[in-house]
Amino acid sequence: MHSHSLTTPWRRWLSLLIAMAVGATIIVLTAPPAEAQTVVYRINAGGQENASTVPAWEEDSLTNPSQYNNVDVTGQNNRNQAPAGTTLTRDASVSSGVPNDVLLTYRYDPTGGTPPGLEWDFPVDNGTYQVNLYFTEVDLTADGARVFDVTLDGTLVLDDYDIHADVGHDVAVMKDFQTTVTDGNIDIDFAHVTENPIINAIEIYALDDPVDVSVAPNPVELAAEVGDMDTATVTVTNNGASEVTVQSTAISGANAGDFSDNYSDTDTALASSASIDIEVTFNAPASPGSSNANLDVTVNSEVFSTALEGTATFGDLSASPGEVDFGNVVIDASSSVDVTITNVGDAPASVTGASVGGADAGAFSVDDGSLPTDLDPGDSVVLEVTFGPTEDGSQNATLTVGADVGDITVDLEGTGILTDAGFTDIAGSTFVTEINWLAATGITKGCNPPVNDQFCPKDFVTRGQMAAFLHRALDDVLTPGPAVEFIDDNGNTFEADIEWLGATGVTRGCNPPVNDRFCPDEPVTREQMAAFLYRALSS
């Protein structure tokens, strides 16, 4: 049933929108695509074989109809040809290589024909094809005299098509379409609208659809102790639009015998975006070292490869010490420690190199001038590792020693300090960094003047000492006011510091409300310290 309430252009636009909405696989082409490669079928509808091209145009005569249409031997779906002496004109869509007689004979579908309709079915491999349909109106001479529909693989591609209205009388025209086949068949159906549908010739090309396959990961890295094995999964993915076939796999390369895979070598079809997993096994040889090969996957007769890298390990290496703590090192100075690498295995091992990495790698270095070297069981090599901080605070890195039996690592740490005050009594203190910082900034000079080679880290701080600490730390920050006199600081070592502290308002005295004393030799309580710091830093 056909509706004619819409004009032909609108009907064509509507059919295209419907096709897009249902995900049709038909693409209307404006010119033969560059990728058209192989002619699969050429049919001279309604005519004899024409061998002027390669391949030839196959016969589709009344007595010998094509095997690909639904015409029976009674000829109910008939054939015809242009009147003798017809002058043929070609539309620009028709190649000059198409013979004239192919364009002047045609098959048509008379109303009430048996079997009904005019249908063509072409068996093909699944893939993408270009279908060229050739038409010439050699009988009727008016627009609207012959109107018909054409459906390709279930999609309406020509709706209310009128050859005469399109190109005129005795003019050959070609309409080309692209279709992706998933059921092994190209189906072309013609339907009546007005008069009888006709077709002069059919030409089908297989389009060159490149095989787009990925094999990942690449490379495949495997490692195992000698005599043992390691496995990995390799994924083969069809990234193309058409189905492909994984035909076989093979291992190639210098050490192919060290690897195997579990593909059964039976053809496996892969639809677009589909993938299969192949398990690859590395069988570590009897001697430590590296093995290299390729996994070659043949898909549609093309080979896609991924590199296989295997490492056979044997024995063991140890590092002594296993961790290195350089302790406190003055900035821009350095400290070195020997790290001994020993072959504790029962086979030779090769130490190939050493490097330092990690967040603070720049503060550490390793002397690897003795590398590479081969170590027999029990042999050792000594590496000198150095810590040279350029900033204060804790720093960490990792020493990595490369070997054919596997890398080993040693954790490195050290603390950069501004200066070494030379105090003899701060070793082991939790606050070594802070004490050295106090000395470096001049806030402390020591606790045993005039020698001052001690800090007395466990002693309590007196109020006089605290006055000195705050004066040295904040002298450039606080501005003294009117002088304040305390009656108990005269002649005290910290008299000047105490009077400065009073003039700045950081202290008010120790005997409120009179506050004419400072109590310089009494210890500072934590609440007093809170008051000092509040007054000093809150303004």
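Residues numbered from 1 in each chain as written. Predicted model: local features only at pLDDT ≥ 70, side-chain atom pairs only at ≥ 80, totals over all residues. Heavy atoms only, no water.

Chemist: What am I meant to see in the overall build of the protein chain here?
Modeler: A tally of helices and strands in the protein chain yields seven helices and 32 strands. Relative to all contacts within the protein chain whose residues are 6 or more apart in sequence, the contacts with residues 24 or more apart total 70%. Roughly 26,500 Å² of accessible area belongs to the protein chain as shown, and the carbon and sulfur atoms make up 49% of that amount. (Helix = DSSP H or I, 4+ residues; strand = E, 2+ residues; numbered from the N terminus. Contact = heavy atoms within 4.5 Å. Areas by Shrake-Rupley, 256 points an atom, 1.4 Å probe, with all protein chains shown as cover.)

Chemist: For this particular structure, what's the right way to read the sheet that holds strand β32 (residues 408-417)?
Modeler: Consider a sheet: its strands pair through backbone hydrogen bonds, and that pairing is either parallel or antiparallel. Strand order in the open sheet made by the five strands is β25-β32-β31-β27-β29, with mixed pairing throughout. On the outer flanks of this sheet lie β25 (323-330) and β29 (373-375), each paired with one strand and no other. Taking each pair of neighbouring strands and ignoring which way they run, the sheet shows an average axis angle of 30°. Pairing geometry for strand β27 (residues 349-357) and β29, over three bridges, is antiparallel. Bridging from a neighbouring strand, Ala349 pairs with Leu375 of β29. (Pairing = 2+ DSSP bridges. Axes fitted to C-alpha atoms, helices over the stretch in contact; angles between N-to-C directions.)

Chemist: I keep staring at the state of the cysteines and nothing clicks. Help me out?
Modeler: Two cysteines whose sulfur atoms are joined by a covalent bond form what is called a disulfide. Scanning all chains against the criterion turns up two disulfides. Disulfide pairing is shown between Cys447 and Cys456; the S-S distance is 1.9 Å. Taking the torsion about the sulfur-sulfur bond, which here is approximately 70°, the covalent link between Cys447 and Cys456 counts as right-handed. Paired by a disulfide, Cys510 and Cys519 hold their sulfur atoms 1.8 Å apart. Handedness of the Cys510-Cys519 disulfide follows from its S-S torsion of about 65°: it is right-handed. With a relative accessible area of 22%, Cys510 lands in the partly exposed category. A relative accessible area of 13% places Cys519 in the buried class. Cysteine pairing in the protein chain follows 1-2, 3-4, where each cysteine in a disulfide is numbered by its order in the sequence. (Disulfide = S-S within 2.5 Å. Buried < 20%, exposed > 50% of the residue type's maximum accessible area, 1.4 Å probe, protein only.)

Chemist: Please clarify how the nonpolar core should be interpreted in this entry.
Modeler: For soluble globular proteins, the rule of thumb is that nonpolar side chains tend to be buried together. Trp120, Phe122, Phe135, Ile186 and Ile188 are the most contacted members of the largest nonpolar core, which has 46 residues in total. In this structure, Val226, Ala232, Val244 and Leu270 belong to the second largest nonpolar core, which totals 27 residues. (Core = buried A, V, L, I, M, F, W, Y, C linked by side-chain atoms within 4.5 Å.)

Chemist: What am I meant to see in the packing of helix α5 (residues 463-474) against helix α6 (residues 495-503) here?
Modeler: In helix packing, the relevant descriptors are the interaxial angle and the interaxial distance, both defined with respect to the helix axes. Put simply, α5 and α6 touch, their axes get as near as 8 Å, and they point 70° apart. Looking at the two axes, α5 sits roughly perpendicular to α6. The crossing of α5 and α6 is left-handed. Contacts between α5 and α6 involve Gly464, Ala467, Ala468, Leu470, His471 and Leu474 from the former and Ala496, Asp497, Ile498, Trp500 and Leu501 from the latter. Its residues assigned to classes, the contact of α5 with α6 comprises eight nonpolar, two polar and one charged. (Parallel < 35°, antiparallel > 145°, perpendicular 65-115°, else oblique. Left-handed = near helix turned anticlockwise from the far one by under 90°. Nonpolar A, V, L, I, M, F, W, Y, C, P; charged D, E, K, R; others polar.)

Chemist: Before we go on, may I ask you to explain the confidence of the model for the protein chain in this structure?
Modeler: Caution is warranted with low-pLDDT regions, since their predicted coordinates should not be read in detail. With 89% of its residues at a pLDDT of at least 70, the protein chain reaches an overall mean of 87. Counting contacts from residues 29-36, a segment whose pLDDT is below 50, to residues more than four positions away or on other chains yields 19 contacts. (pLDDT = per-residue confidence, 0-100.)

Chemist: What is the right way to read α6 from this model?
Modeler: Residues separated by three or four positions in an α-helix point in the same direction, a consequence of the helix having 3.6 residues per turn. Of all the positions in α6, only Asp497, Ile498, Trp500, Leu501, Gly502 and Ala503 are classed as buried. Once α6 ends, the next one or two residues include Gly505, with phi positive near 85°.

Chemist: I keep staring at the pairing of strand β21 (residues 275-283) and nothing clicks. Help me out?
Modeler: A regular strand carries its side chains on alternate faces of the sheet. With nine bridges connecting them, strand β17 (residues 229-238) and β21 associate as antiparallel partners. From the neighbouring strand, Met229 faces β21, where its bridge partner is Asn283. Pairing of strand β19 (residues 259-261) with β21 involves three bridges; the strand directions are antiparallel. Counterpart to Phe259 in the pairing with β21 is Phe282.

Chemist: When you look at the sheet that holds strand β12 (residues 185-194) in this model, what are you seeing that I'm missing?
Modeler: On the basis of which strands lie adjacent, the open sheet formed by four strands has the order β7-β12-β9-β10 and antiparallel pairing. Looking at which strands have only one partner, the edges of the open sheet turn out to be β7 (118-123) and β10 (155-161). Between one strand axis and the next, the sheet turns through 15° on average, direction left out of account.

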